[in-house]
Amino acid sequence: MAQITILNGTLRFRGPPLLDEATLRIETGDKIGLLGRNGAGKTTLLRLLAGLERLESGAVELAPGTRIALVPQDVPEGISGTLEQVIAQGFPPEFESPELHWKKEQMLQRTIDQLQLDAPLDFLKSSTGIRRRALIGRALVSAPDVLLLDEPTNHLDIDSILWLEGFLASLSSTLLFVTHDRSFLTKLAKRIVEVDRGKLLDWSCDYETFLKRKEQALLAQEKQDALFDKRLAQEEVWIRTGIKARRTRNEGRVRRLEEMRRVRAGRQSSAGTMKLAIDSGERSGVLVCDMQKASFGYADRMIIPPLDLTILRGDKIGILGRNGVGKSTLLKGILGAINPTQGTVRMGTKLEIAYFDQTRAVLDMTKTAEENVGVGRTSVTVGGRTKHVIGYLQEFLFTPEEARSRIDKFSGGQRNRLLLAKLFAQPANLLVLDEPTNDLDAESLELLEEKLVDYDGTLLVVSHDRTFLNHVVTSMLVFEETGIKEYVGGYDDWLRQRGDANKAAKNTAKSEMSSQKSSNEVASIVPKKLSFKEKQELEALPGKMENIEAELATLHQRMSEPEYFKSPPAELSKDQKRMQDLEQALEQAYARYEDLELRAS
């Protein structure tokens, strides 16, 4: 049975219509993932179904008695009180009667327990993740037949996302949700609906099947459009041949040509793909950051316990943990923005840092997109090429009109694309990204992944997007109950290694006696403290490594010149051998430095 039906719906604000005679049937019990490019109209469609927007033409039909609840993408302003009070605001008016008071209290307590919330907590003082849970609770107590969720995983930590997946899967309500989290989409969506150039495309399949069908459909559409354009071009040549085209017997052909022109003019082209480029600038030193027993905190509160961490040029590190555990504090400590309460932090040389802040604090909402990126200039230089700011923003899918518009009306996805444009308008050999995937559409997200994989600088990224972590990072720093642990690989690799570690921990107790004996044996061969000569060697090694790096840089620069490979073969062979020797010497110097540093600590 159709619970909601959209019939020939048309809706337009400015530019091309968001809905253009679109039709959709939502059946009882559906769990629908709603996809589409940033700005395609996904949020508008949710608001339309919730009764907050109206169609220009067409109709939205609801089955009798259907209740709909919407949880918006951003936390609405004007909400206050305890978590319990905020959830209670969602009860329908009939629950205010004294006869239903007991049922209201029972439902309220059950919802709080299901959402794992601390009822007396102040809503405004809670984390964004907790507030979003409370808003979901407020929607649930209204007993909706249809639950609409706009980016429900934004700002949630991994534990909350996993909980939400299971919770929503168990709901009997019809569910329609927008999300950028592909793992969440894969596990929850049983049906995919796509907003594409004014149409609602019902793929009637899960997400993985959708990806395959979508690729096939795009190829077929490209061939069809190419054939149509070829026929149109042939007809345009024919109409220009002159008087023959105006004979009575050819009037039908002229009318067909006019119809083809109208069809071509009315075709909405795809939004295209971002032309994202990341300029890694000058190579940094081999060492980016070295932390020895470094801890961080504020006043008397320790947030990051003593940590040993070495980050080398080219590392791509994902940082994972619950909200509030100290991920941002760790980033500040790595970047040298705050001093350690104990231990040492040594930063590398020649670092050019670009920081992506999930709060978008660097964007000025009172200014235009052009002003935010240009910062008083009309051009930017990317990869050695100077571009006008408007043209540069077009590469991030902003029209000239949008580039000159104030950004306070931009969607979350548009603001994230703008922040990426601002970030990559400057060279950086150390990228620090805090939740960069929020609100990005699938195409933009996949392009960002591709560019970060190819990026030859150093990357630190905080993310709860499991698919993103699997695709991009080479190691993980995970906040666990026993402290911050480092793992090789992405999210799935962490899960596997954590499972292996848990199994190993069970066997540890059985071998404590033999382990104690082994420890005594190992203690007898621990290296001695540094000699005077070794101390001098340790002090000289950083300068030695810098000299090797400088010579390598000069050699790389010379080899990149267009005329270089016209040199005699003997000279080319000599340079290649020198480069290999320098790289080997640099590796040996760094290994020696680490050994001496360890013994000196």
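Criteria and cut-off values
Residues numbered from 1 in each chain as written. Predicted model: local features only at pLDDT ≥ 70, side-chain atom pairs only at ≥ 80, totals over all residues. Heavy atoms only, no water. Buried < 20%, exposed > 50% of the residue type's maximum accessible area, 1.4 Å probe, protein only. Helix = DSSP H or I, 4+ residues; strand = E, 2+ residues; numbered from the N terminus. Pairing = 2+ DSSP bridges. Axes fitted to C-alpha atoms, helices over the stretch in contact; angles between N-to-C directions. Expected span 1.5 Å × (residues − 1). Salt bridge = Lys/Arg side-chain N within 4 Å of Asp/Glu carboxyl O.

## Structural notes on the pairing of strand β14 (residues 353-356)
Residue alternation in β14 divides its side chains into a buried set, A354 and F356, and an unburied set, I353 and Y355. Here β14 runs beside strand β17 (residues 430-434); their pairing, made up of 4 bridges, is parallel. Paired with Y355 across the bridge in β17 is V432.

## Quick notes on the sheet that holds strand β19 (residues 475-480)
Strands sit in the order β14-β17-β18-β12-β19-β20 across an open sheet of 6 strands; the sheet is mixed. Taken across any chain shown, the strands that pair with only one partner, and hence form the sheet edges, are β14 and β20 (483-488). Direction aside, neighbouring strands of the sheet carry axes that sit 15° apart on average. Here strand β12 (residues 316-320) pairs with β19 via 4 bridges, running parallel. Bridge pairing in β19 places I317 opposite S475.

## Looking at helix α5 (residues 158-170)
The end-to-end C-alpha separation of α5 is 19 Å, in line with the 18 Å expected for 13 residues at 1.5 Å each. Listing the buried residues of α5 in full gives I158, S160, I161, W163, L164, E165, F167 and L168.

## Brief notes about the pattern of salt bridges
Enumeration over the complete set of coordinates arrives at 22 salt bridges. Across the salt bridge formed by R466 and E165, the nearest N and O atoms sit 2.6 Å from each other. Within this pair, whereas R466 is found in helix α15 (residues 466-472), its partner E165 is found in helix α5, the two being separated by 301 residues in sequence. Like R466, the residue E165 is buried in the burial classification. Linking R182 and D465 is a salt bridge whose minimum nitrogen-to-oxygen distance equals 3.9 Å. Within this pair, whereas R182 is found in helix α6 (residues 182-188), its partner D465 is found in the loop between β18 (458-462) and α15, the two being separated by 283 residues in sequence. When sorted by exposure, R182 lands in the same class as D465, which is buried. In this structure, a network of salt bridges that share partners links the residues E165, D181, K187 and R466.

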